[in-house]
Amino acid sequence: MTHRDATPSRGTGPDRTEQELREALSALAGGVQAAPDAYRTARGEWLRRGRRRRLFLAVLIAVVFALAILIGLWVLNRAPADPGVIFSGTGSPAAGSLPRPHP
């Protein structure tokens, strides 16, 4: 078991650590020199990425839409050519439909 002193030694509190960290970061930030057109360059890159992202999304939507249309047309084209039971034309008109009112 280790023995720890209940009273911290002089000058090692959170205030001193915060002050030293503030000084170190201030010295580090003081040595950084930004390029004069850094913001303009970064903003141009952001705008290009945004345009590229929107263009990609538009192309993706167009491709998915075209693919859905092509699949739908293919499915409709594969339907049987015969008219089927509903529109076969056989049977009496009275039995197959409701009577029409005469004006």
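Quick caveat: nothing in here was measured; it's all calculated off a predicted structure.

1. Let's talk about the overall build of the chain
So, point 1. Counting its secondary structure elements, the chain contains three helices and zero strands.
So, point 2. In sequence order, the chain lays out its α and β elements as α-α-α.
So, point 3. Burial statistics for the chain: of 103 residues in total, 1% are counted as buried.
So, point 4. For the chain, the accessible area works out to roughly 10500 Å², and carbon and sulfur atoms hold 65% of it.

2. Side note on the confidence of the model for the chain
Caution applies to low-pLDDT parts of the model: their predicted coordinates are not meant to be read in detail.
So, point 1. Per-residue pLDDT for the chain has a mean of 81; in total, 70% of the residues score no lower than 70.
So, point 2. The secondary-structure element of the chain with the lowest mean pLDDT is helix 3 (residues 93-96), recorded at 53, while helix 2 (residues 38-77) shows the highest, at 96.

3. Digging into the pattern of salt bridges
If charged atoms from side chains of opposite charge come close, those side chains can pair.
So, point 1. The final tally for this structure, using the stated rule, is four salt bridges.
So, point 2. Between Arg-16 and Glu-20 there is a salt bridge, with the nearest N and O atoms lying 3.1 Å from each other. With Arg-16 and Glu-20 both in helix 1 (residues 14-30), this residue pair falls four residues apart, about one helical turn.
So, point 3. A salt bridge links Arg-49 to Glu-45; its shortest N-O distance comes to 3.3 Å. Here Glu-45 and Arg-49 lie together in helix 2, a separation of four residues that amounts to about one turn.
So, point 4. Arg-49 sits in the partly exposed class, given a relative accessible area of 45%.
So, point 5. Owing to a relative accessible area of 28%, Glu-45 belongs among the partly exposed residues under this scheme.

4. Brief notes about a nonpolar patch on the surface
So, point 1. On the surface, a nonpolar cluster with roughly 510 Å² of combined accessible area is contributed by Phe-56, Leu-57, Leu-60, Ile-61 and Val-64.
So, point 2. Mapped onto the fold, Leu-60 is located in helix 2.
So, point 3. Note on Leu-60: relative accessible area 42%, which makes it partly exposed.

5. Re a positive patch on the surface
So, point 1. On the surface, a cluster of positive charge is contributed by Arg-51, Arg-52, Arg-53 and Arg-54.
So, point 2. Tracing the backbone shows Arg-54 in helix 2.
So, point 3. A residue is classified by how much of its surface remains accessible, and Arg-54, at 56% relative accessible area, is exposed.

Calculation rules
Residues numbered from 1 in each chain as written. Predicted model: local features only at pLDDT ≥ 70, side-chain atom pairs only at ≥ 80, totals over all residues. Heavy atoms only, no water. Helix = DSSP H or I, 4+ residues; strand = E, 2+ residues; numbered from the N terminus. Buried < 20%, exposed > 50% of the residue type's maximum accessible area, 1.4 Å probe, protein only. Areas by Shrake-Rupley, 256 points an atom, 1.4 Å probe, with all protein chains shown as cover. pLDDT = per-residue confidence, 0-100. Salt bridge = Lys/Arg side-chain N within 4 Å of Asp/Glu carboxyl O. Patch = residues over 30% accessible without salt bridge, like charges linked within 9 Å, V, L, I, M, F, W, Y side chains within 5 Å. Lys, Arg positive; Asp, Glu negative; His and termini not counted. Charge placed at Lys NZ, Arg CZ, Asp CG, Glu CD.

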